[in-house]
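# Descriptive structure summary
Below are the chains, spelled out letter by letter.
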Amino acid sequence: MNTEDVLNEFRDAGALREGHFVLSSGLHSPVFLQKNLVFMDGARCARLCKALADKIVATVGPVDAAISPAVGGIIPGYETAKHLNVRSMYVERESGEFKLRRGFSVEPGEKIVMVEDIVTTGLSSRECIAAIQAAGGEVVAAACIVDRSGGKVDVGVPLIALASLEVPAYPADALPPELAALPVEDPGSRRLSK
Ligand SMILES: O=P(O)(O)OC[C@H]1O[C@H](OP(=O)(O)OP(=O)(O)O)[C@H](O)[C@@H]1O
Ligand SMILES: O=C(O)c1cc(=O)[nH]c(=O)[nH]1
Ligand SMILES: [Mg+2]
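None of these values were measured; they are calculated from a predicted model.

Helix and strand counts for the protein come out as six helices and eight strands. Listed N to C, the secondary structure of the protein is α-β-β-α-α-β-α-β-β-β-α-β-β-α in terms of helices and strands. Here the C-alpha radius of gyration of the protein, 16 Å, is about what a compact globule of 194 residues would show, namely 16 Å. When the backbone C-alpha atoms are referred to their principal axes, the protein occupies close to 50 × 35 × 30 Å. On the protein, roughly 9,300 Å² of surface is accessible, and the fraction owed to carbon and sulfur atoms is 52%. With 20 positive and 25 negative side-chain charges, the protein shows a separation of 3 Å between the mean positions of the two kinds.

Next up on the list: the pairing of strand β3 (residues 65–69). Judged by how many residues are buried, β3 sits mostly within the fold: five of five residues are covered. Residues Ala65, Ile67 and Pro69 line one face of β3 and the alternating positions Ala66 and Ser68 line the opposite face, and both faces are buried. Where β3 meets strand β4 (residues 87–94), five bridges bridge the pair, whose relative direction is parallel. Within the sheet, the bridge partner assigned to isoleucine 67 lies in β4 and is methionine 89. Running through helix α4 (residues 74–84), the crossover from β3 to the neighbouring parallel element β4 is right-handed.

Turning to its location among the elements, serine 29 is positioned in strand β2 (residues 28–33). Owing to a relative accessible area of 0%, serine 29 belongs among the buried residues under this scheme. Within the structure, the side chain of serine 29 is placed 2.9 Å from the side chain of arginine 148, a separation counted as a polar contact.

It is worth spelling out the packing of helix α1 (residues 3–12) against helix α3 (residues 42–60) at this point. Packing of α1 against α3 leaves a shortest axis separation of 11 Å and a crossing angle of 165°. Classified by the angle their axes make, α1 and α3 are roughly antiparallel. For the pair α1 and α3, the sense of crossing is left-handed. In this structure, α1 uses Val6, Glu9 and Asp12 to contact α3, whose residues at the interface are Arg44, Arg47 and Leu48. The residue makeup of the contact of α1 with α3, split by class, is two nonpolar, no polar and four charged.

Cut-offs and rules
- Residues numbered from 1 in each chain as written.
- Chains lettered and ligands numbered in written order.
- Predicted model: local features only at pLDDT ≥ 70, side-chain atom pairs only at ≥ 80, totals over all residues.
- Heavy atoms only, no water.
- Helix = DSSP H or I, 4+ residues; strand = E, 2+ residues; numbered from the N terminus.
- Rg over C-alpha atoms; globule rule 2.2 N^0.38 Å.
- Areas by Shrake-Rupley, 256 points an atom, 1.4 Å probe, with all protein chains shown as cover.
- Lys, Arg positive; Asp, Glu negative; His and termini not counted.
- Charge placed at Lys NZ, Arg CZ, Asp CG, Glu CD.
- Buried < 20%, exposed > 50% of the residue type's maximum accessible area, 1.4 Å probe, protein only.
- Pairing = 2+ DSSP bridges.
- Right-handed = clockwise from strand over helix to strand, strands pointing away.
- Polar contact = N/O pair within 3.5 Å; in protein donor to acceptor, adjacent residues only side chain to side chain.
- Axes fitted to C-alpha atoms, helices over the stretch in contact; angles between N-to-C directions.
- Parallel < 35°, antiparallel > 145°, perpendicular 65-115°, else oblique.
- Left-handed = near helix turned anticlockwise from the far one by under 90°.
- Contact = heavy atoms within 4.5 Å.
- Nonpolar A, V, L, I, M, F, W, Y, C, P; charged D, E, K, R; others polar.

Set out below in structure tokens:
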């Protein structure tokens, strides 16, 4: 499955959104990949995650478990782990920091693949990787459905992306006028209050 195949899955799901979005990183973008509309369709989610699982095995060989950052990473992490035939866990924010909770644990030195939905700046991936390492896991690779940086981000381990594209994103104080004129949506969970 190549980048165009993945984008077609997003298009068919109505998940390739245009407007004015503030991203997890605080950057603003005219494009948002609303991955939940993709993952809500089990067959579509399975097609994407089976392809991602195959790419992970082809790149780094077998792994012991997959761990994802909540919320967006949970469904693709679970589905990718299913195709890898390994257990699936997630980290979630506790006082703002990703932690393994809910009885999840890793054995020292277990080979872990970190599975994200979308990578933009890689900040969430790096935070998730740090949490896995703090729990004793060896993160052998990061994987994602879409890398919006076009291969530019460095998450400290090899990043295996099913699709790679460059999408414009701007700091809040450098918005193009046509973007600034649109009402802003903040669809992610980083700034949600409890
Ligand atoms: O590479 P980055 O710049 O960190 O951006 C990508 C992250 O942003 C989104 O999560 P978000 O924090 O919006 O919350 P969500 O997972 O609940 O959608 C997405 O799920 C990635 O985790
Ligand atoms: O960077 C993000 O927060 C982000 C971008 C995107 O297209 N989709 C998403 O869910 N998050
Ligand atoms: Mg996320």
